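Survey of secondary and tertiary structure
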Amino acid sequence: SASYNGFDDTDENTLSRVRSISSIMPSQLNDSRKVNRAVNEIDKFSIRLGLFLKRYPIARLFVIIYMVLLHLWVLIVLLTY
């Protein structure tokens, strides 16, 4: 069981505490089972990714470096062509 500053942040515990995004979606989209399932899977993935980045600071560093390099590359491409 992972503990961070006295809070239990296991995947099961965090996923059970977070309100489903489908509960705040418009009712027209909420009626479709496929859309609801896809939204819930994306939601679960983003929570797990957030937990992963919280637990491993080196991963956060690599993500930040990647984003900076990606933005620099896009800036260079936009300004040179």
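Residues numbered from 1 in each chain as written. Predicted model: local features only at pLDDT ≥ 70, side-chain atom pairs only at ≥ 80, totals over all residues. Heavy atoms only, no water.

**Here we look at the overall build of the chain**
The number of helices and strands found in the chain is 4 helices and 2 strands. The N-to-C order of helical and strand elements in the chain reads β-β-α-α-α-α. Looking at the chain as a whole, 11% of its 81 residues qualify as buried. Taking contacts inside the chain between residues at least 6 apart in sequence as the whole, the part at least 24 apart equals 42%. Total accessible area on the chain is roughly 7,000 Å²; 66% of this is exposed by carbon and sulfur atoms. (Helix = DSSP H or I, 4+ residues; strand = E, 2+ residues; numbered from the N terminus. Buried < 20%, exposed > 50% of the residue type's maximum accessible area, 1.4 Å probe, protein only. Contact = heavy atoms within 4.5 Å. Areas by Shrake-Rupley, 256 points an atom, 1.4 Å probe, with all protein chains shown as cover.)

**A word on the environment of Lys44**
Tracing the backbone through its elements, the reader meets Lys44 in helix H3 (residues 33-55). Separated by 26 residues in sequence, Lys44 and Val18 place their C-alpha atoms 9.4 Å apart.

**So, the pattern of salt bridges**
A complete count under the given rule lists 1 salt bridge for this structure. For Lys44, the salt bridge is made with Glu41, and the minimal N-O distance between the two is 3.6 Å. Placement of the pair is Lys44 and Glu41 together in helix H3, with a separation of 3 residues, close to one helical turn. Judged by relative accessible area, Lys44 falls into the partly exposed class, the value being 34%. (Salt bridge = Lys/Arg side-chain N within 4 Å of Asp/Glu carboxyl O.)

**Let's talk about the packing of aromatic side chains**
For the coordinates displayed, the defined rule picks out 1 aromatic pair. For the ring pair Phe52 and Tyr56, a centre distance of 4.9 Å and an interplane angle of 50° mean the geometry is tilted. A relative accessible area of 44% places Tyr56 in the partly exposed class. (Phe/Tyr/Trp six-rings, centres within 6.5 Å; stacked < 30°, edge-to-face > 60°.)

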